Amino acid sequence: MTRTNLIQTTTEFVQSTLADAEAGHDWWHTYRVWQNARQIAQSETANRLVVELGALLHDIADAKFHGGDEEIGPHTAQQFLEEQAVSPTIIEHVTNIVRHISFKGGNFQQTFHSPELAIVQDADRLDALGAIGIARTFHYGGFRNRPLYNPNVPPNLNMSREEYKSSQAPTINHFYEKLLLLKDRMNTATGKQLADKRHQFMEQFLAQFYQEWNPEG
């Protein structure tokens, strides 16, 4: 199978698999991450096929929608790629990207590193920032029936990994527990540059939010 055909087949597989997914983790999220990854890869030395496959398959079975099973995503990606007769080396690399891409919260230390993972991880983190990041955050908060904001529930910046996964805190807290931390965790120069503008937009949003929440100060 040619590279072009493999990317097309993978695209169709992801579109079909995520047809009914929550809107913050659906095909269009994957599409944006894929495009972000392609943009970042132009300035990096990396295997472009691994980057594109990793971006396309990174959320093929997100653990938070599958009972917390963190291996279902890598397994699904591996099974699909094996069916396409992709080389074992590429399959292993892509499944490692799927396994290690996510922000885990707490004091989680990433144990796998590669230029391709760095690119896809930055691409995914960019989609958690800026206007789209804000929209996704509130959509997921509504999906989980979380309150918008509660001034009596401060953000928890010292959560364990398990606490982060099971948190039911107000949606605004998520900005402090994850989103505002991402700018300084970007891996690539392009990713850092793109993240900075989106980070500033989120800070402006939060300032406006608090002013409207309590207009008399």
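Up top is the structure.
Residues numbered from 1 in each chain as written. Predicted model: local features only at pLDDT ≥ 70, side-chain atom pairs only at ≥ 80, totals over all residues. Heavy atoms only, no water.

Enquirer: Honestly, the overall build of the chain in this entry has me stumped. Any pointers?
Expert: Tallying secondary structure elements over the chain gives 10 helices and 0 strands in all. What you see for the chain is a C-alpha radius of gyration of 18 Å, in line with the 17 Å of a compact globule of 217 residues. In terms of overall dimensions, the chain has C-alpha extents of about 65 × 35 × 30 Å along its principal axes. Here the chain holds 217 residues, and the buried ones make up 47% of them. As presented, the chain carries roughly 11,300 Å² of accessible surface, and 48% of it is formed by carbon and sulfur atoms. Side-chain charges of the chain comprise 19 positive and 26 negative groups, with the mean position of each set lying 3 Å from the other. (Helix = DSSP H or I, 4+ residues; strand = E, 2+ residues; numbered from the N terminus. Rg over C-alpha atoms; globule rule 2.2 N^0.38 Å. Buried < 20%, exposed > 50% of the residue type's maximum accessible area, 1.4 Å probe, protein only. Areas by Shrake-Rupley, 256 points an atom, 1.4 Å probe, with all protein chains shown as cover. Lys, Arg positive; Asp, Glu negative; His and termini not counted. Charge placed at Lys NZ, Arg CZ, Asp CG, Glu CD.)

Enquirer: Whenever I open this one, the nonpolar core confuses me. Can you help?
Expert: What tends to happen in soluble globular proteins is that the nonpolar side chains get buried as a cluster. Among the nonpolar cores identified, the biggest contains 49 residues, and Leu53, Leu57, Leu81, Val94 and Phe175 are the most heavily contacted of them. Of all the elements in the fold, those that place two or more residues in this core are α1 (3–17), α2 (27–41), α3 (48–57), α4 (72–83), α5 (88–100), α6 (115–126), α9 (171–177) and α10 (189–213). Element by element, the count of residues in this core is highest for α3, at 7 residues. (Core = buried A, V, L, I, M, F, W, Y, C linked by side-chain atoms within 4.5 Å.)

Enquirer: Please clarify how the pattern of salt bridges should be interpreted in this entry.
Expert: Any two side chains of opposite charge can pair if their charged atoms end up close together. Taken as a whole and judged by the stated rule, the model has 5 salt bridges. As a salt-bridge pair, lysine 183 and aspartate 184 come within 3.3 Å of each other at their nearest N and O atoms. Overlapping salt bridges, with partners in common, bring together Arg32, Asp127 and Arg136 in one network. (Salt bridge = Lys/Arg side-chain N within 4 Å of Asp/Glu carboxyl O.)

Enquirer: Where do I start with the environment of leucine 18 in this structure?
Expert: Secondary-structure assignment places leucine 18 in the loop between α1 and α2. Along the primary structure leucine 18 and aspartate 59 are separated by 41 residues, whereas in three dimensions their C-alpha atoms are 8.9 Å apart. Those residues within four positions of leucine 18 in sequence are excluded, and the remaining contacts are His25, Asp26, Trp27, Thr30, Asp59 and Ile60. (Contact = heavy atoms within 4.5 Å.)

Enquirer: Teacher, can you tell me more about the packing of helix α7 (residues 130–143) against α10 here?
Expert: A pair of packed helices is captured by two measures, namely the crossing angle of their axes and the spacing between those axes. Orientation of α7 relative to α10, taken along the N-to-C sense of each, is 55 degrees, at an axis distance of 8 Å. On the basis of their axis angle, the class for α7 and α10 is oblique. Residue-level contacts link Gly130, Ala131, Ile134 and Phe138 of α7 to Arg198, Phe201, Met202 and Phe205 of α10. Along the lines of polarity and charge, the residues of the contact of α7 with α10 split into 6 nonpolar, 1 polar and 1 charged. (Axes fitted to C-alpha atoms, helices over the stretch in contact; angles between N-to-C directions. Parallel < 35°, antiparallel > 145°, perpendicular 65-115°, else oblique. Nonpolar A, V, L, I, M, F, W, Y, C, P; charged D, E, K, R; others polar.)

Enquirer: I keep staring at the packing of α2 against α6 and nothing clicks. Help me out?
Expert: Axis separation between α2 and α6 bottoms out at 8 Å; the angle between their running directions is 130 degrees. With respect to α6, the element α2 is oriented oblique. Between α2 and α6 lies a crossing whose hand is right-handed. For the pair α2 and α6, contact is made by His29, Val33, Asn36, Ala37, Ile40 and Ala41 and by Ile119, Val120, Asp122, Ala123, Asp124 and Leu126, respectively. (Left-handed = near helix turned anticlockwise from the far one by under 90°.)

Enquirer: What am I meant to see in α5 here?
Expert: Over its 13 residues, α5 runs 18 Å from end to end, which matches the ideal 18 Å to within 8%, given 1.5 Å per residue. Three or more residues of α5 are buried, namely Ile90, Ile91, His93, Val94, Thr95, Asn96, Ile97, Val98 and His100. In this structure, the buried side of α5 is in contact with α3, α4 and α6. (Expected span 1.5 Å × (residues − 1).)

Enquirer: Before we go on, may I ask you to explain unusual backbone geometry in this structure?
Expert: With the exception of glycine, most residues fall at negative phi, and the peptide bonds are largely trans. Unlike most non-glycine residues, alanine 85 shows phi in positive territory, near 60 degrees. The residue alanine 85 is located in the loop between α4 and α5 in this model. For asparagine 145, which is not glycine, the phi torsion reads 60 degrees and is therefore positive. The exposure class of asparagine 145 is exposed, given its relative accessible area of 70%.

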